[in-house]
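# Notes for the structure review
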Amino acid sequence: MAKRKKKTQYAEQKKEVHAFFSQNTGRVYTLTDLYNHLDVYDQDEKIFVRLMVEELEEEGKLRQVGRGRYIQNTGEQNGGESKSADATVIEGKVDFVNPKFAFIRYDDNESDIYVEANDLEGALDGDKVKVKITGKRKNGKNPEGRVIEVLQRGRSEVVGKIKTFGNYALVKPDNKGFHEDIFIARENINGASKDDLVIVHLMQYPTKVTQATGKVVDILGKSGDNNAEMHAIMAEFGLPVKFPEEVIAEAEAISEVITEEEISKRRDFRSTLTFTIDPHDAKDFDDAISYKALENGNYEIGVHIADVTHYVRPSTKLEEEAYRRATSVYLVDRTIPMLPEKLSNNLCSLRPNEDKLVFSAVFEMNDHGKVISEWFGRGVIHSDRRFAYEQAQDLLDLDETAEGDHYIQILHKLNTIAKILRKERFSKGAFNFETNEVKFNLDEEGKPVGIYVKVRKDAHKLIEEFMLLANKKVAEFVHNLNKDENGEVKNPFTMVYRVHEPPNPEKLETFSKFAGKLGFTVKTGNQTVLSKSLNNLMTEIEGTPMQNILESLAVRTMSKARYSTQTLGHFGLAFDHYSHFTSPIRRYPDMMAHRMLQHYLDGGKDLNQADFDEKSKHSSEQEKLAAEAERASIKYKQVEYMSYQDRRAVYDGVVTGVTDFGIFVEIEGTGCEGMVRLADLTDDFYDYDPENYRIVGKRKGKVIGFGSVAQVTIKATDLEKRSMDLELVSVEGSKFVSSSSGSSRPSRDSGRRRGSGGRSDGKSSGKSSSRRKKR
């Protein structure tokens, strides 16, 4: 009887799967889409759903159009014959990597669609398009197609350098995906002069026969000026710098007085020892730690977060602007805040010796790092001390019994608990990617006079662990609110989570093979096996030339963390439930989490999930743009710094990428990366061996491979392209002959721009300069 019941349930669910595709004829869905529709999260249940889909495919009711992607087989209504693959239509975003072609990216787990420039139908980089699959490229790796409709323009404004002529001007876009100049009629130049960086509003988009036209709407300054260049980077990614006047006015009108009435509604922590630890140049202190030793031998540890949503209310201009920006942006020399300075650096900043309103997560913990009890709610604090990370680290470097500062013992106790929490995470399958930040010493005009790699120490990790704890516990608290009589959560209340899905198996297998070619072993079993193997790899390569390269590639192998209302867990942290709660000054999702948590603490009912889906997607997209802007600013300053260096100086480096037209070398200690063109290697003719990530000399047999130790000199720097050409001096001690003027022999350099194809690692240049890791 039980077997018959299970069989019936299987058949019914299989019908539901087929009905889902039948109701959405013509649309392509992934298995993940199906899992979400059916609310299937258990791995065993996913296997059954996969079997149902495979059976429906065998029955001719579904058709597979890519790995893990299926579509309703409309051919079943026509004698069971399916449409040919070239009828498949996909929606995606244009990545115009080269003047000759673009890729349409639509799924991290699928090969991008190759489209010739002539088949783009006027689509530009970043546009959302509908593309028809027409076949397979000769290389067999990518499907080929043509754009049949531009659904949404990715940008209406472009930043670039202007060249003025008699009755017109041309603007050369900074965006590497925009390959043609924009024509500006005389009446639309609006006062811009030669070599100004300008923002242009596109009046007419390009077609096959006409170039784009536009008008100058803002003059940022002269090309090469630091402020102008940083503003240009923000504009390049469509990120705002200035706040609208009405937003500033609304912020300035907020009272700085904390009334006794407001304090009476909150838990008062002002008598509890409280402090902050932040970068030395930070102004927006959005988190504080409180510490109290309890009589029972345990500790009360509070994570206090600026109560931004007390000041930023729904349906206000401040709220609209915070949502629009969704995140602060951290460029090399400045922070472009999500909130006006009155809030970010004043009202909401947990400055020392001031009463401040907070939203708190307070934990009673024992010496073993176990949480005995927890409390969430609004409070008021009075920070006793502000530490820079370096100052806190100085105290941690002292013996715990040292005298002279009572914070020594407190920081050591917190650090001990933090290390226990960290060890527990790793034991459950968390990953230990210790990526370092590139930092600059800048003069008063923003010129880079020094460059160094910032190393994370215990003071950073201490704060990180308690922030992770608060984020995790908030997510768990909300998820567990709606338990049934059996203590199970079948329909959890809506929450905005920070999710990180498991990596694509193909990407993981590629990375494993890649590491294997370099002499390292990566086991790709379950999460515990994988994380242990990767963590062992990170330990093995620490301090070696391979560290930055393999760490970067390992991170790129992982899925990208994002915001979602789905309870998908955080693979990298090995948390079943995780949110972002601890940085509302600089992240809009944290503001959403604060409001949702308070709603539930007040006894509110389940919130409408649809209200938060679009906000989560928007926040993820803005975070990605901000990260790209941060990397662009770092790359710009790296190239600028190297442009001031002696061309005769020889630098140690490591090969970080190999292509069919050159090799990329990262200079040791700076993170600066440049390219050695094969056309400049005159001692031999080099064959590209993509399977082994190397080039090999045809006559002499010299090998230059990924991870090879090299010495280089600077050949040329190009600030406009944020790129650097290098000359090879030696590889693994073997001298090379280079020619600054190239060679008379046939050149492998096809003139393709960076990123146009062939690079063996897929690595992007620059390191993240965000204030804290974006878990």
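A quick note: this is a predicted structure, and the numbers were derived from the prediction, not measured. (Residues numbered from 1 in each chain as written. Predicted model: local features only at pLDDT ≥ 70, side-chain atom pairs only at ≥ 80, totals over all residues. Heavy atoms only, no water.)

This next bit is on a positive patch on the surface. A cluster of basic side chains, namely K93, K128, K507, R556, K560, K617 and K624, defines a positive patch on the protein surface. Residue placement: K560 occurs in the loop between α15 (547-557) and β26 (562-564). K560 sits in the exposed class, given a relative accessible area of 52%. (Patch = residues over 30% accessible without salt bridge, like charges linked within 9 Å, V, L, I, M, F, W, Y side chains within 5 Å. Areas by Shrake-Rupley, 256 points an atom, 1.4 Å probe, with all protein chains shown as cover. Salt bridge = Lys/Arg side-chain N within 4 Å of Asp/Glu carboxyl O. Lys, Arg positive; Asp, Glu negative; His and termini not counted. Charge placed at Lys NZ, Arg CZ, Asp CG, Glu CD. Helix = DSSP H or I, 4+ residues; strand = E, 2+ residues; numbered from the N terminus. Buried < 20%, exposed > 50% of the residue type's maximum accessible area, 1.4 Å probe, protein only.)

Low pLDDT marks regions whose predicted coordinates should not be analysed in detail. For the protein chain, per-residue confidence averages 86 on the pLDDT scale, and residues scoring 70 or more make up 89% of the total. Contacts for the low-pLDDT stretch residues 76-87, under 50 throughout, to residues beyond four places or in other chains number 20 contacts. When the criterion is pLDDT under 50, residues 741-773 qualifies, and its contacts beyond four places in sequence or with other chains add up to 112 contacts. (pLDDT = per-residue confidence, 0-100. Contact = heavy atoms within 4.5 Å.)

Looking now at the sheet that holds strand β15 (residues 274-278). One open sheet accounts for seven strands, arranged β14-β21-β20-β17-β16-β15-β22; its pairing is mixed. The sheet is open, and its two borders are formed by β14 (267-268) and β22 (385-388), each paired with just one other strand. Summarising the sheet, strand β20 (residues 355-365) and strand β21 (residues 371-382) pair through 11 bridges and their orientation is antiparallel. Residue V358 lies in a different strand from β21, and its bridge partner there is G379. Sheet strands touched by helix α10 (residues 389-397): β15 and β22. Its angle to β22, the strand with the most contacts, is close to 90°. (Pairing = 2+ DSSP bridges. Axes fitted to C-alpha atoms, helices over the stretch in contact; angles between N-to-C directions.)

At their nearest, the axes of α10 and helix α11 (residues 407-427) sit 9 Å apart, and the two run at 90° to each other. Taken together, α10 and α11 sit at an angle that is classed as roughly perpendicular. Contacts from A392, L395 and L396 in α10 reach Y407, I408, L411, H412 and N415 in α11. Here the residues of the contact of α10 with α11 are counted per class, giving six nonpolar, two polar and no charged. (Parallel < 35°, antiparallel > 145°, perpendicular 65-115°, else oblique. Nonpolar A, V, L, I, M, F, W, Y, C, P; charged D, E, K, R; others polar.)

Now for the pattern of salt bridges. Scanning the model with the defined rule gives 41 salt bridges in all. Among the ionic pairs, E236 bridges to R722, the shortest N-O distance being 2.6 Å. With E236 in helix α4 (residues 226-236) and R722 in the loop between β33 (709-718) and β34 (723-731), the pair connects residues that are 486 residues apart, well separated along the chain. Per residue, the accessibility class of E236 equals that of R722, and both read buried. Between E464 and R456 there is a salt bridge, and its shortest N-O distance comes to 3.1 Å. Comparing E464 with R456, the two get one shared label, buried.

Before going further, it helps to spend a moment on the pairing of strand β31 (residues 694-697). On β31, burial follows the alternation: I695 and G697 on one face are buried, whereas R694 and V696 on the facing-out side are not. Here strand β30 (residues 686-689) pairs with β31 via four bridges, running antiparallel. Paired with Y686 across the bridge in β31 is G697. The turn linking β30 back onto β31 is made up of four residues, and Y693 within it adopts a positive phi angle of 55°.

A separate point is the sheet that holds strand β13 (residues 213-222). Taken in spatial order, the five strands of this closed barrel run β9-β10-β11-β13-β12, and their pairing is mixed. On average, each strand axis in the sheet is inclined to that of its neighbour by 50°, with strand direction left out of account. Contacting β9 (157-164), β12 (196-204) and β13, α4 runs over the sheet at an angle of about 145° to β13.

Our focus in this paragraph is the side chain of D684. Within the fold, D684 resides in the loop between β29 (673-677) and β30. Within the structure, the side chain of D684 is placed 3.2 Å from the backbone nitrogen of R699, a separation counted as a polar contact. (Polar contact = N/O pair within 3.5 Å; in protein donor to acceptor, adjacent residues only side chain to side chain.)

In this section: the environment of P505. Here P505 shows up in helix α13 (residues 505-517). Among the residues examined, P505 registers a relative accessible area of 56% and is labelled exposed. Expressed as a C-alpha distance, the spacing of P505 and M558, which sit 53 residues apart in the sequence, is 9.8 Å.

Take the packing of helix α16 (residues 588-601) against helix α17 (residues 610-643) next. In a pair of packed helices, the angle between the axes and the distance between the axes together describe the arrangement. Where α16 meets α17, the axes come as close as 9 Å, and the angle between the chain directions of the two elements is 150°. Judged on the interaxial angle alone, α17 and α16 are roughly antiparallel. Residues Y588, P589, M592 and M596 of α16 touch α17, and the partners they reach there are F612, K615, S616 and S619. Of the residues belonging to the contact of α16 with α17, the class tally is five nonpolar, two polar and one charged.

The biggest cluster of nonpolar side chains holds 79 residues, and the ones touching the most others in it are F275, I289, L343, L414 and F466. Looking at this core, the element that brings in the most residues is helix α12 (residues 458-479), giving 10 residues. Excluding anything up to four places from it in sequence, F275 contacts A288, I289, S383, R385, F387, Y407, I410, L411 and L414. V438, V665, V676 and V731 belong to the second-largest nonpolar core, a separate cluster that totals 27 residues. (Core = buried A, V, L, I, M, F, W, Y, C linked by side-chain atoms within 4.5 Å.)

With that out of the way, let us pick up empty space enclosed by the protein. For the coordinates displayed, the defined rule picks out two cavities of 30 Å³ or more. Taken as a whole, the second largest cavity encloses approximately 40 Å³ of empty space. Along the walls of the second largest cavity sit M234, L239, P240, R325, T327, V329, I336, P337 and Q622, which together make up its complete lining. Across the lining of the second largest cavity, the residue classes tally to six nonpolar, two polar and one charged. (1 Å grid on protein atoms, 1.4 Å probe; cavity = no way out; pocket = protein on both sides within 12 Å on 5 of 7 lines; lining within 4 Å. Points joined across faces, edges and corners; volume = space filled by probe spheres on them.)

The next point concerns the environment of H599. Mapping H599 onto the fold places it in helix α16. When residues no more than four places from it in sequence are discounted, the contact partners of H599 are G604, K605 and L607.

Under the criterion given, the structure shown has 19 aromatic pairs. Residues F165 and Y168 carry aromatic rings whose centres are separated by 5.0 Å and whose planes lie at 20° to one another, so their mutual orientation is stacked. A relative accessible area of 42% places F165 in the partly exposed class. Between the aromatic rings of F493 and Y600, the centroid separation amounts to 5.1 Å while the plane-to-plane angle is 20°, which identifies the pairing as stacked. (Phe/Tyr/Trp six-rings, centres within 6.5 Å; stacked < 30°, edge-to-face > 60°.)

Moving on: the environment of T259. Along the chain, T259 falls in the loop between α5 (245-252) and α6 (260-264). From its side chain, T259 meets the backbone nitrogen of E262 in a polar contact 3.1 Å long.

What follows concerns unusual backbone geometry. Peptide bonds are mostly trans, and most non-glycine residues show a negative phi. Phi at D195 is positive, roughly 70°, even though this residue is not glycine. Looking at where D195 falls in the secondary structure, it is placed in the loop between β11 (182-185) and β12.

Mapped onto the fold, E319 is located in helix α8 (residues 317-325). Apart from residues no more than four positions distant in its own chain, E319 is found in contact with V312, R313, P314, Y588, M591 and R595.

As a general feature of sheets, a regular strand has side chains that alternate between the two faces. Among the five residues in strand β5 (residues 101-105), four count as buried, and that is most of the element. In terms of strand pairing, strand β4 (residues 89-98) meets β5 through four bridges, oriented antiparallel. Within β5, the residue paired with N98 across the bridge is F101. The antiparallel hairpin formed by β4 and β5 contains two residues in its connecting segment. Bridge analysis of β5 against strand β6 (residues 113-116) gives four bridges, and the strand direction is antiparallel. Residue pairing for β6: A102 is matched across the bridge by V115.

Along its 13 residues, α13 runs 18 Å from first to last C-alpha, staying within 8% of the 18 Å computed at 1.5 Å per residue. Within the sequence span of α13, burial applies to L508, F511, S512, F514 and A515. Axial view of α13: buried residues confined to an arc of 165°, hence all on one face. Turned more than 90 degrees off the buried face of α13, the exposed positions are P505 and K513. Taken together, the buried residues of α13 touch α14 (527-541) and α15. (Expected span 1.5 Å × (residues − 1). Arc of directions from axis to C-beta.)

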